[in-house]
Amino acid sequence: MRFLLDAEQRGFAASLDALLSAADVPAVIRSRAAGDDAPLRALWRRLADVGVFALAVPETYGGTGLLPVELVLSCVELGRHGMPGPLAETFAASTLLESVGQTALLPGVASGQVILSLAAEGGYAADPDLADAVLRVGEGKAPLRQSLDPARRVGLPEDAIAVESGAERATGLAALCTAALALGTGRHLLAATVEYARTRTQFGTPIGGFQAVKHRLADVLLQLDFAEPLLYGAAVALQDALPSAGSDIAAAKAACGEAGYAAARAALQLHGAIGYTDEFDLSLWIRRARVLRNAWGTPSACRRRVLAGRIDG
Amino acid sequence: MSLRIVVCVKYVPDATGDRRFADDNTTDRDSVDGLLSELDEYGVEQALKIAEASGDAEVTVLTVGPDDAKDALRKALSMGADKAVHVNDDDIHGTDVIGTSAILAKAIEKTGFDLVVCGMASTDGTMGVIPALLSERLGVPQVTLLSEVGVEGGTVKGRRDGDAATELLEASLPAVVSVTDQSGEARYPSFKGIMAAKKKPVESLDLDDLGIEADEVGLAGAWTAVDSATARPARTAGTIVKDEGEGGKQLAEFLASQKFI
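Values in this document were obtained by computation on a predicted structure and should not be read as measured data. (Residues numbered from 1 in each chain as written. Chains lettered and ligands numbered in written order. Predicted model: local features only at pLDDT ≥ 70, side-chain atom pairs only at ≥ 80, totals over all residues. Heavy atoms only, no water.)

Trainee: Where do I start with the packing of helix α5 (residues 87-94) of chain A against helix α7 (residues 167-199) of chain A in this structure?
Mentor: Packed helices, taken two at a time, are described by their axes: the angle between them and the distance between them. Residues and elements named next belong to chain A. The contact between α5 and α7 brings their axes to 8 Å, and the two run at 150°. Relative to α7, the element α5 is oriented roughly antiparallel. As α5 packs across α7, the resulting crossing turns out to be right-handed. Along its contact with α5, which presents L87, A88, F91 and A92, the element α7 presents A170, L173, A174, C177, T178 and L181. (Axes fitted to C-alpha atoms, helices over the stretch in contact; angles between N-to-C directions. Helix = DSSP H or I, 4+ residues; strand = E, 2+ residues; numbered from the N terminus. Parallel < 35°, antiparallel > 145°, perpendicular 65-115°, else oblique. Left-handed = near helix turned anticlockwise from the far one by under 90°. Contact = heavy atoms within 4.5 Å.)

Here it is, written out as C-alpha cells:
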C-alpha cells in the first residue's frame, strides 16, 4: 500500500493551489454572503476546468470515475483556500445521480455547470439555494436558514430528489470530503496564526517568542499532522472498498473536524480581538471550521461509529 | 501539413526563494527550488491557443538545462503541449545567452518548425534577447513582445503595445515570436492534462547530437564573463516622523528635501 502522494497527485494539488491563490477566494465568500453567487459559480467552473468536479463522475459522463485520494487532496486545497459552496455534497451526490435516474446532470457536474447538494437522513442540505439539484436521504423539508458560515445556507426544499440506494457510500464520501475540507481549513488557520505570531509584538517582542503561544501552535500542528494519515488512510480504504472504510472515514472525520476546530480556537485566541472582526478574512475560516466539524457526522457521532466498527469487526 | 510550433522554455530558480550565485558566479540552481519560468508559461499558453485555433498543429516544448529542468517540460506538457525536447549536457554549464541561442537554434532546426514561441525574458537572467538571436541564427523573421498573437494561413500576426504606440505586426512563417505577460493568463494544468503528460515523449539531446563543440558553449565559450557579484545592501531603516502637531509639515519638508515635491 502506498502512503505517499505521487508526482502527479502533488502536481495536481500545486495546480489547484496556484489557481485558488490567484482567485481572491475571500471576495468570492463575501459576494456569496451578500447574495451574489456569480463569482462563486465562475470560480466553480474554473475548478471544473482543471478537473476537480470530474473526480466523482463516471467516465462515460465526462468524469474520471471515483478517485477518493485525488478528491481528498483536492478538498484539502479547497479547504485551505476557503472555497465556499456545497463541495462535499456535490461530490457525494454525483455518485448517486445514476441511481436516481438523473444521469443527464452528470456531464454538467463534471464541467462545473451543475452544482448539487445532498441532505443526510434527518438533516439539511448545504446551500440548496445554490444547487441545481438537491438529493435527500430520508424524508423531510425545511426552510432556508443562514449558517454560522456567512457563505453557507442550509435547508431542505420540497422538490429534493429521494435517494433509494447507495446512500451509505455517498454519505461516507461526503464525510470524507468534509474531513479533508476541515483539515485544509485548519492548515490555513495555523499558517495564518503562525505568521501573525511572528509579526505581532507585545512587551517588545513577537508574541510567537512566548512559550505559551508556541505550545498552543505546536499542539494544533500535532493535531493536524496526526489527523492527516487517518484522512488519506480512509481515502485508500474507500478506494479499495475495504470493509473498514466506514469506520475509517468516521475516524478521519472526527480527527480532522476536531483538528480544524482546534486550529480555529487557537487562531481566534492568538489573534486577539482582530480574530473576531468580520472584516478580517481569517474570520471566514474560523467560522467555517466550526461548521465543518459538525457537518456529516459530529465528532461524538463519528466516535460512536468507530467504536461500533470495533465491536462488529 | 500540420503547423509545427516550438516553445522555448526555461527552468529557473523560484523568484520567491533566496536566489544567489554559485562559487563560479553562475546562477546557483541547487539551493533554491526551480520551476518553469512564469514568463514562459505565457509562451506555452499562446502556443496552445494557436494550436487549438489551427486544429492541426503540434506543440513541442524545448529547454536547455540540467536534469531538474525536465520539471519545466513536464509542467508544459501537463498544460497541453504534445512533446518535449530536453538538451542536457554537463558542458553547457555556464553558457551565456549567445551560446544558449546557438544550442536552441540547432535543437529547433533538428525538431523542425514553422513557428517558434518564446516568453519575453527569463525570470533569472532577464536578458530578453533570445528571440532576436534565434531569428538571426534561424534566418527567419522575428515579431517580438506581442500582447496578442495569432496565425492565419502562412502568416503570424500580433499586436505590440508600446508606451507611445500600439503596433500591429505580421510576418510570414516560419518565424520567431515572443509574447509578454499581458498576452493572457496561462492555464493551470488539469488533472487529465497531468495524467496525459506522463505518457508524452521527452527527447533528450546532448551537444554531440546537435553537432556543437563543447568549447563553443559553457563558461569558457561565453562571450560575457561575470567577474564578481555583490549582494544588494540591506534596506536601511526609514525615517519615522512623529506627529506632535507638526507632522504634516515635517513630512512635507522631508519630501521636499528628497525632491519628491
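There's more to say after this.
Trainee: Help me understand the interface of chain B and chain A in this model?
Mentor: The parts lose accessible area when they come together, and the size of an interface is often stated as this lost area. In this complex, chain B contributes 9 residues to the contact, which on the side of chain A involves 16 residues. Across the interface of chain B and chain A, roughly 1,000 Å² is buried in total on both sides, 68% from carbon and sulfur atoms. It is Y188, F191 and I194 of chain B that lose the most area in chain B upon contact with chain A, and together they represent 62% of the buried surface on that side. In this structure, the connection of chain B to chain A is made through 1 salt bridge. Residue E185 of chain B pairs with R46 of chain A through a salt bridge whose shortest N-O separation is 3.3 Å. Summed over the shared surface of chain B and chain A, the result is 3 residue pairs in polar contact (both at pLDDT 80 or more). A per-class count over the side of chain B that touches chain A returns 5 nonpolar, 1 polar and 3 charged. (Buried area = accessible area lost by both parts, 1.4 Å probe. Salt bridge = Lys/Arg side-chain N within 4 Å of Asp/Glu carboxyl O. Polar contact = N/O pair within 3.5 Å; in protein donor to acceptor, adjacent residues only side chain to side chain. Nonpolar A, V, L, I, M, F, W, Y, C, P; charged D, E, K, R; others polar.)

Trainee: Whenever I open this one, the sheet that holds strand β9 (residues 155-161) of chain B confuses me. Can you help?
Mentor: Across a sheet, paired strands are connected by hydrogen bonds in the backbone, their directions being either parallel or antiparallel. Residue and element names in this part refer to chain B. The strand order across the open sheet built from 3 strands is β8-β9-β10, with neighbouring strands paired in antiparallel fashion. A strand with exactly one partner marks an edge of an open sheet, and here the two such strands are β8 (148-152) and β10 (166-172). When the angles between neighbouring strand axes are averaged without regard to direction, this sheet yields 15°. The pairing of β9 with β10 spans 7 bridges and is antiparallel. By the bridge assignment for β10, R159 is matched with L168. (Pairing = 2+ DSSP bridges.)

Trainee: For this particular structure, what's the right way to read the environment of L133 of chain B?
Mentor: All names here are of chain B. Of note, L133 is situated in helix α4 (residues 130-138). On a C-alpha basis, the gap between L133 and L115 in space is 15 Å, while along the polypeptide they are 18 residues apart. Apart from the residues lying within four places of it in its own chain, the contact partners of L133 are V97, I98 and S101.

Trainee: What's the story with the environment of H271 of chain A in this structure? I'm lost.
Mentor: Residues and elements named next belong to chain A. Mapping H271 onto the fold places it in helix α9 (residues 245-271). Taking C-alpha positions, H271 is 15 Å from G209, a pair spaced 62 residues apart along the chain. Excluding its chain neighbours within four sequence positions, the residues that come into contact with H271 are A192, T193, Y196, F280 and L282.

Trainee: Explain the pattern of salt bridges here, please?
Mentor: Any two side chains of opposite charge can pair, on the condition that their charged atoms come close. All names here are of chain A. A full pass over the atoms with the stated rule returns 33 salt bridges over all chains. A salt bridge links E228 to R187, with the shortest nitrogen-to-oxygen separation between them at 3.0 Å. With a gap of 41 residues between them, E228 in helix α8 (residues 211-239) and R187 in helix α7 connect regions that are remote in the sequence. Relative accessible area serves as the criterion here: at 28%, E228 is assigned to the partly exposed category. With relative accessibility at 19%, the residue R187 sits in the buried group. In this structure, a network of salt bridges that share partners links the residues R32, D37, D127, D129 and R153. (Buried < 20%, exposed > 50% of the residue type's maximum accessible area, 1.4 Å probe, protein only.)

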